[in-house]
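Now for the letters of each chain:
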Amino acid sequence: MSLQKQDEHDHKAWLENKDLSPVERGFLVSLIWMDQRFRIVDYLELLETLYYRVNLQMPKSHTEQYDLDNKFWYWYPLYTLGFFSTLAYIVAAISGALLGFYYSPAIGGAAGGEASVAYSQIAFIMQDLQFGFMLRSIHRWSAQVMTAAVFLHMLRVYFTGGYKEPRELNWLLGIVLISLTMVFGYTGYLLPWDQLAFWAGQIGVEMALSIPLAGEWVAQLLFGGFSLSQSTLMRMYILHVFLLPFVVTALIALHIGIVWVQGIAEPH
Amino acid sequence: MTDDNTPETDGGGTGIVAPDDETPTWRERKERTTGLSRLTYEYFERARREDEDLRRESDYVERDVLAFPTWPHEIVRNLAISSFFVGMIIFLSATLPPHIGDPANPNVTPSIILPDWYLYWSFGLLKLGYLNPELSILGGQKLMADRTYGVLANVVVVGFIAIVPFLNKGSARRPVEQPLWGAIGIAGVTFALTISALSVQNLMPMDLRVLQDLTFLAPFVTGCIAYAVLKTMREGYMYDLNRRYYRLRPPK
């Protein structure tokens, strides 16, 4: 017996100690050889954990306990609509930033029926600019998709009771966001200054004017007057590319932040 | 489902089985094995121990893992979903390109004036002037202009949606648990559709009076149908649920 401390991880010495049959010995040697090269032990540990997990009696989840799992699975695909609208918002932001290089919010001296600067810039983007048609198409479609996804997201939240007790503020924030999304869309489709834009703008001015007491003030603030003009287009442009992006992005971050903190309401 | 008070042994209840003294631990179960599997086990115990000792000796700091790693699990999944959705948007853009109308012309009023589709509901509310009562106290005059009435209707609709969380409390999370609120939701969706149809009344191939009546009748009807269906579904579910659940969370 030597005074030197025995190496308890000396597998060879351990093998010598044991009285093994040739089969056992061959098996162990090859196992050790393989394990030292490929770390089989790690994978076996994984398998082992898996085995125990499967065979363990786990506490039943809420759904299993009350036999509800066949009752709400159909909601699950709808749980990604919020993410989908955020994604469409990002695509719209990128394509919109690119469109912003070519668009200019000016009516110029265009009389009734003549193409304004804004209109001819849109025409230029769609006809002459490389990939311009696709760019405007992507911007418009991502905006449409975002609006649709936001509406459906709201319906999902309503029907699964996602607005309930600790989440009232996020519901209110969501209503602000869906309204701002529609304002985003409205200010956006006014920018080409075609017939649709003009007459939709007309509706807007009349709606603003019909607000009791504050109507004229609102019309001047939002539309820059009681009828459509250069200042209307300018205000819609500033709202669309400067004010709303900052406000909406901040509110979306807050909205998602609250979801992050509170967690997604468990369906049951 | 039985109605007597005998304890259920079908795995109901909490579902947690506490180990008693007779139950062998996993370690004991493994130690009972013999032969090659026993050898394998002994070797792996040694190897694991070795790993553990080496880890203790090293100055490498191991952190507790609290969740799935962001890379690759989360990122790969999110990238897959994102590229699919963005691809769908690009596909739509390529197949259905946008249209641009004639330049703005204040002198030519189009036969049909409409906003984009997502504002139809709001535009439809502006056309509710026919509901604005002519008050006899004012000598057949209306109290407010039709346009004001329409704008107020917008405020009422948005205001109602906003106060929903303050009216509907509790832990119910599915329409079947609250047939009334489910029915209100369905009626609301239908109203959004009918009011949009009212706003495009020039395009609707039906009499304006019929359309106006349907705007309010159809949501009522679908609401009632939804209520009946959800009520029936709830009865069906309640039959399957065990009584403990029923007692814990009574239906609203």
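Residues numbered from 1 in each chain as written. Chains lettered and ligands numbered in written order. Predicted model: local features only at pLDDT ≥ 70, side-chain atom pairs only at ≥ 80, totals over all residues. Heavy atoms only, no water.

## Notes on the packing of aromatic side chains
Residues and elements named next belong to chain A.
Then, number 1: All chains considered together, the criterion is met by 16 aromatic pairs over all chains.
Then, number 2: An angle of 75° between the planes, with centres 5.2 Å apart, marks the rings of Phe198 and Trp199 as edge-to-face.
Then, number 3: A residue is classified by how much of its surface remains accessible, and Phe198, at 7% relative accessible area, is buried.
Then, number 4: Under the relative-accessibility criterion, Trp199 is labelled buried at 10%. (Phe/Tyr/Trp six-rings, centres within 6.5 Å; stacked < 30°, edge-to-face > 60°. Buried < 20%, exposed > 50% of the residue type's maximum accessible area, 1.4 Å probe, protein only.)

## Overview of the UniProt feature "transmembrane region" (unreviewed entry) in chain A
All names here are of chain A.
Then, number 1: Following the UniProt record, one finds the feature "transmembrane region" (unreviewed entry) at residues 78-103, 141-159, 171-191, 203-225 and 237-261.
Then, number 2: A distance of 36 Å separates the end C-alpha atoms of residues 78-103, which is 73% helix and 0% strand.
Then, number 3: Counting secondary structure, residues 237-261 comes out at 100% helix and 0% strand; the distance between its end C-alpha atoms is 35 Å. (UniProt positions renumbered as here; feature names shortened; annotations may be inferred. Helix = DSSP H or I, 4+ residues; strand = E, 2+ residues; numbered from the N terminus.)

## Observations concerning the nonpolar core
Then, number 1: Ranked by size, the top nonpolar core spans 36 residues in total, and within it Tyr186(A) and Trp193(A) carry the most contacts.
Then, number 2: Listing elements by their share of this core, those giving two or more residues are helix H6 (117-127), helix H8 (168-190), helix H9 (195-209), helix H10 (215-223) and helix H11 (230-262) of chain A together with helix H4 (120-126) and helix H6 (179-199) of chain B.
Then, number 3: In terms of residue count, the dominant contributor to this core is H9(A) (five residues).
Then, number 4: Contacts of Trp193(A), omitting those with residues within four sequence positions, involve Ile107(A), Ser116(A), Ala118(A), Tyr119(A), Phe198(A), Leu228(A), Ser229(A), Leu233(A), Pro103(B) and Ala104(B). (Core = buried A, V, L, I, M, F, W, Y, C linked by side-chain atoms within 4.5 Å. Contact = heavy atoms within 4.5 Å.)

## With respect to empty space enclosed by the protein
Then, number 1: Scanning the entire structure with this criterion turns up one cavity of 30 Å³ or more.
Then, number 2: By volume, the largest cavity amounts to about 80 Å³.
Then, number 3: Together, 13 residues line the largest cavity, and Tyr158(A), Phe159(A), Pro175(B), Gln178(B) and Trp181(B) are the ones closest to its centre.
Then, number 4: Every element with two or more residues in the lining of the largest cavity is listed here: helix H7 (132-159) of chain A together with H6 of chain B. (1 Å grid on protein atoms, 1.4 Å probe; cavity = no way out; pocket = protein on both sides within 12 Å on 5 of 7 lines; lining within 4 Å. Points joined across faces, edges and corners; volume = space filled by probe spheres on them.)

## Remarks on the UniProt feature "transmembrane region" (unreviewed entry) in chain B
All names here are of chain B.
Then, number 1: As annotated in UniProt, the feature "transmembrane region" (unreviewed entry) corresponds to residues 79-97, 149-167, 179-198 and 210-230 in the numbering used here.
Then, number 2: Helix makes up 100% of residues 149-167 and strand 0%, whereas the separation of the span's terminal C-alpha atoms amounts to 25 Å.
Then, number 3: Along residues 210-230 the backbone is 100% helical and 0% strand, and the end-to-end C-alpha distance reaches 29 Å.

## Notes on the packing of H6(A) against H7(A)
All names here are of chain A.
Then, number 1: At their nearest, the axes of H6 and H7 sit 5 Å apart, and the two run at 110° to each other. One finds that H6 runs roughly perpendicular with respect to H7. For the pair formed by H6 and H7, the contact residues are Ile122, Ile125 and Met126 on the first element and Gly132, Phe133 and Arg136 on the second.
Then, number 2: Each residue belonging to the contact of H6 with H7 can be placed in one class, and the counts come to four nonpolar, one polar and one charged. (Axes fitted to C-alpha atoms, helices over the stretch in contact; angles between N-to-C directions. Parallel < 35°, antiparallel > 145°, perpendicular 65-115°, else oblique. Nonpolar A, V, L, I, M, F, W, Y, C, P; charged D, E, K, R; others polar.)

## Section: the side chain of Glu42(B)
Then, number 1: Inspection of the secondary structure assignment puts Glu42(B) in helix H2 (residues 35-57).
Then, number 2: Residues in contact with Glu42(B), not counting those within four places in the same chain, are Trp14(A) and Lys18(A).

## Description of the pattern of salt bridges
Then, number 1: Per the counting criterion, the structure on display carries ten salt bridges over all chains.
Then, number 2: Among the salt bridges present, the one from Arg38(B) reaches Glu42(B), with a minimum N-O distance of 3.0 Å. Of this pair, Arg38(B) and Glu42(B) both sit in helix H2, four residues apart, roughly one helical turn.
Then, number 3: Exposure remark for Arg38(B): the relative accessible area of 24% places this residue in the partly exposed category.
Then, number 4: Look at the salt bridges and you will find they share partners, linking Lys18(A), Arg38(B) and Glu42(B) into a network. (Salt bridge = Lys/Arg side-chain N within 4 Å of Asp/Glu carboxyl O.)

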